[in-house]
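As a plain string of letters, each chain reads:
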Amino acid sequence: MKTIQFREAVAEAMSEEMRRDESVYLMGEEVAEYNGAYKASKGMLDEFGPERVIDTPIAELGFSGIAVGSAMNGNRPIVEYMTFNFSLVGIDQIINNAAKMRQMSGGQFNIPIVFRGPTGSAGQLGATHSQAFESWFANTPGLKVIVPSNPYDAKGLLKAAIRDDDPVIFMESEQMYGDKGEVPEEEYTIEIGKADIKREGKDVTIVSFGKIIKEAYKAAEKLEKEDDISCEIIDLRTVRPMDHDTIIESVKKTNRLVILEESWPFGSVATEITYQVQEKAFDFLDAPIVKINTADTPAPYSPVLLKEWLPNSDDVVKAVKKVMYID
């Protein structure tokens, strides 16, 4: 095992797959000469050259469309958005072409594309740069949506995404690129669509994904130390396809569920999980499900308001105590 940063895990995954398959290439704003806006493609231009690591104009609709056409002709493009907020400029190509082309062509075309970049809030960047669109993209048949929370998962899942024959939305976080974690020296991939139990527990299940899961870890440690409450934490890793079975089996064991998500509450991933659990494990629930989301407003710029807007470990502690009927 070796310890590397999240950004290095992303770069390693892309580089290894580009060495393995000449049809894989990277394109996006500042991915080449600048080594990536967050240095997640550092050194790749030097190794692979400007034909496979391509700087694009600030024109997401244009280069997203180029990627779709390229994939239809046998390539495997990786499209980096400087932030998924900017993917909205190219969302017509993602939703109406990449996601639908296989069905609308009667299976004549696969669209093996990875659209990747940062999601969610990254501090005081304002309302238009602090949005999480996991549930938007997951609502689209034909797309797979992955949101890793650590370097190990990021590398294994990104390699699997690049090899996948369907379009994959791969969502990272600006605030995680410097996070360090262990990854194997040898080749590995992680199966898309499998959640991971990051912490075993018996009293309550906490489901989360992405960088906000760190708040669940903090809450679990505090609850165990101060209240002797044992929390089981499930990292979804893949939002679509969603691993319902792992969640259901955990709820059958703990009989309580808290969902932590960094996005607006209406029509969220947490809403879908809530429905699935009440449908398939209702009789095992000893308390109503509690979901924790951001406030139902655009993200504020003020640091004081932003702190209130984002979920935190105290919110998780309160939610767990609520389903445990404590206080």
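Examining empty space enclosed by the protein
- Under the criterion given, the structure shown has 1 cavity of 30 Å³ or more.
- Space inside the largest cavity adds up to approximately 100 Å³.
- Lining the largest cavity are 14 residues, with Thr119, Glu134, Gly210, Lys211 and Glu262 sitting closest to its centre.

Some points on the sheet that holds strand 6 (residues 144–146)
- With mixed pairing, 7 strands are arranged side by side in an open sheet as 3-2-4-5-7-6-12. The outermost strands of the open sheet, each flanked by one partner alone, are strand 3 (53–55) and strand 12 (238–240). Each adjacent strand pair in this sheet contributes to an overall mean axis angle of 20°, direction not counted.
- The sheet contact formed by strand 2 (residues 24–28) and strand 4 (residues 76–80) spans 5 bridges and is parallel. Its bridge partner lying in strand 4, Gly28 is registered against Glu80.

Description of the pattern of salt bridges
- Following the criterion strictly, the structure yields 31 salt bridges and no others.
- Among the ionic pairs, Lys155 bridges to Glu16, the shortest N-O distance being 2.8 Å. Of this pair, Lys155 sits in helix 7 (residues 151–163) while Glu16 sits in helix 1 (residues 6–20), and the two are 139 residues apart along the sequence.
- Notably, a salt bridge pairs Asp166 with Lys144, separated by 3.7 Å at the nearest N-O pair.

Topic: a negative patch on the surface
- On the surface, Glu30, Glu33, Asp46 and Asp55 cluster together to form a negatively charged patch.
- Along the chain, the position of Glu33 falls in the loop between strand 2 and helix 2 (44–48).
- Taking relative accessible area as the criterion, Glu33 reaches 66% and is therefore assigned exposed.

A few points about the pairing of strand 11 (residues 231–235)
- Burial analysis of strand 11 places 5 of its 5 residues in the buried class, the great majority of the element.
- Here strand 11 shows no split at all, with Cys231, Ile233 and Asp235 on one side and Glu232 and Ile234 on the other all buried.
- Bridge count between strand 9 (residues 196–199) and strand 11: 3 bridges; the pairing is antiparallel. Following the sheet pairing, Asp196 is matched in strand 11 by Asp235.
- In terms of strand pairing, strand 10 (residues 204–208) meets strand 11 through 5 bridges, oriented parallel. Paired with Ser208 across the bridge in strand 11 is Asp235.
- Between strand 10 and its parallel partner strand 11, the chain crosses via helix 8 (residues 213–227), and the hand of that crossover is right-handed.

Calculation rules
- Residues numbered from 1 in each chain as written.
- Predicted model: local features only at pLDDT ≥ 70, side-chain atom pairs only at ≥ 80, totals over all residues.
- Heavy atoms only, no water.
- 1 Å grid on protein atoms, 1.4 Å probe; cavity = no way out; pocket = protein on both sides within 12 Å on 5 of 7 lines; lining within 4 Å.
- Points joined across faces, edges and corners; volume = space filled by probe spheres on them.
- Pairing = 2+ DSSP bridges.
- Helix = DSSP H or I, 4+ residues; strand = E, 2+ residues; numbered from the N terminus.
- Axes fitted to C-alpha atoms, helices over the stretch in contact; angles between N-to-C directions.
- Salt bridge = Lys/Arg side-chain N within 4 Å of Asp/Glu carboxyl O.
- Patch = residues over 30% accessible without salt bridge, like charges linked within 9 Å, V, L, I, M, F, W, Y side chains within 5 Å.
- Areas by Shrake-Rupley, 256 points an atom, 1.4 Å probe, with all protein chains shown as cover.
- Lys, Arg positive; Asp, Glu negative; His and termini not counted.
- Charge placed at Lys NZ, Arg CZ, Asp CG, Glu CD.
- Buried < 20%, exposed > 50% of the residue type's maximum accessible area, 1.4 Å probe, protein only.
- Right-handed = clockwise from strand over helix to strand, strands pointing away.

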